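Each chain, written out:
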Amino acid sequence: MYKITDTEFKKLANYIRDNYGINLRKEKKLLVIGRLGPILTQLGFNNFTQYYEYIISDKTGAAVTTLLDRITTNHTYFMREVDHFYYLRDHVLPYLKINVKDKDLRIWSAGCSSGEEPYTIAMILDEFFGTDKRYWDTKILATDISNKILNKAKMGIYKNESIASMPPQWRLKYFKKIDNDKSIIKDNIKSEVIFRNFNLMEPIFPFKKKFHVIFCR
């Protein structure tokens, strides 16, 4: 098993914090070793100093992509902090329906993880607008820093136990059962979400228009 010195941990933690906004505290040292140790073995490195030098010298972006996929913790679930979704449904959307004259509704799920949040928003929009939805452009931009988790989100496949907390009518309307273990988001909801890799630490946000709603939780 690898060891990481205080100096090595500080260098790596400062690099991740300064460039990607992820704050690794000292008590996360064992987590870092556990998640990154297999990469050191695969690359033939003897210590974390060699790995750090590899990260900062790699110009292809592949090294840091693997680092972020391993180090990020994606903790989310459907209907997480449900009051936020109810507020969107009961207060924000009624206001926007009246005031967004061009019917181009722009919503951003920042740090979308494995997709539960943006898909839930899409279901709320579908239910709220009903038959009027065809007159609206309600696509949701969903971004995250991890390509691995974004690929999982795009698939839209979830454990049946993870959707058990959702309203029963939503489970019937918006999910298709694959087997006794898994279900998949139906295409009409999946097509409402656009997934993109984006680092919230970037100095310039490449968005042409302002958003009406931003979920950043």
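So, here's what we can say about the structure.

A short note on the sheet that holds strand 2 (residues 140-144)
Consideration 1: Strand order in the open sheet made by the 4 strands is 6-2-1-7, with parallel pairing throughout. Each edge of the open sheet is held by one strand with a lone partner, namely strand 6 (193-197) and strand 7 (213-215). Going from strand to strand, the sheet's axes swing by 20 degrees on average, the running direction of each strand aside.
Consideration 2: Sitting on the sheet, helix 7 (residues 147-155) is in contact with strand 2 and strand 6, with an inclination near 165 degrees to strand 6.

Considerations on the pairing of strand 1 (residues 107-110)
Consideration 1: The alternating pattern of strand 1 places Ile 107 and Ser 109 on one face and Trp 108 and Ala 110 on the opposite face, and all of these are buried.
Consideration 2: Pairing of strand 1 with strand 2, which is carried by 4 bridges, proceeds in the parallel orientation. Paired with Trp 108 across the bridge in strand 2 is Leu 141.
Consideration 3: In terms of strand pairing, strand 1 meets strand 7 through 3 bridges, oriented parallel. Bridging from a neighbouring strand, Ser 109 pairs with Phe 215 of strand 7.

What to know about the pattern of salt bridges
Consideration 1: Within the structure shown, the criterion is met by 13 salt bridges.
Consideration 2: Its salt-bridge partner being Asp 126, residue Lys 173 comes within 3.4 Å of it at the nearest N-O pair. Note that Lys 173 is positioned in helix 8 (residues 168-174) and Asp 126 in helix 6 (residues 116-129), a separation of 47 residues in sequence.
Consideration 3: Residue Lys 173 is classed as partly exposed on the basis of its relative accessible area of 45%.
Consideration 4: For Asp 126, a relative accessible area of 16% puts it in the buried group.
Consideration 5: The salt bridge involving Lys 182 is made with Asp 179; its shortest N-O contact spans 3.5 Å.
Consideration 6: Bridged by salt links that share partners, the residues Lys 159, Asp 179, Asp 181 and Lys 182 form one connected network.

Looking at the nonpolar core
For soluble globular proteins, nonpolar side chains are generally found buried alongside one another.
Consideration 1: In this structure, Phe 78, Leu 105, Tyr 119, Met 123 and Phe 175 are the most contacted members of the largest nonpolar core, which totals 34 residues.
Consideration 2: For this core, the elements supplying multiple residues, two or more each, are helix 5 (82-99), helix 6, strand 2, helix 7, helix 8, strand 6 and strand 7.
Consideration 3: For this core, the element with the most residues is helix 6, which contributes 7 residues.
Consideration 4: Judged by nonpolar contacts, the second largest core, of 24 residues, contains Ala 13, Tyr 15, Leu 36 and Ile 55.

Describing the pairing of strand 5 (residues 182-185)
Consideration 1: Note: strand 3 (residues 157-159) against strand 5, 3 bridges, orientation antiparallel. Paired with Ile 157 across the bridge in strand 5 is Ile 184.
Consideration 2: For strand 4 (residues 175-177) and strand 5, the ladder comprises 3 bridges, and the chain directions are antiparallel. The residue bridging Phe 175 from the neighbouring strand is Ile 185, located in strand 5.
Consideration 3: Connecting the antiparallel pair strand 4 and strand 5 is a turn made up of 4 residues.

The rules behind each value
- Residues numbered from 1 in each chain as written.
- Predicted model: local features only at pLDDT ≥ 70, side-chain atom pairs only at ≥ 80, totals over all residues.
- Heavy atoms only, no water.
- Pairing = 2+ DSSP bridges.
- Helix = DSSP H or I, 4+ residues; strand = E, 2+ residues; numbered from the N terminus.
- Axes fitted to C-alpha atoms, helices over the stretch in contact; angles between N-to-C directions.
- Contact = heavy atoms within 4.5 Å.
- Buried < 20%, exposed > 50% of the residue type's maximum accessible area, 1.4 Å probe, protein only.
- Salt bridge = Lys/Arg side-chain N within 4 Å of Asp/Glu carboxyl O.
- Core = buried A, V, L, I, M, F, W, Y, C linked by side-chain atoms within 4.5 Å.

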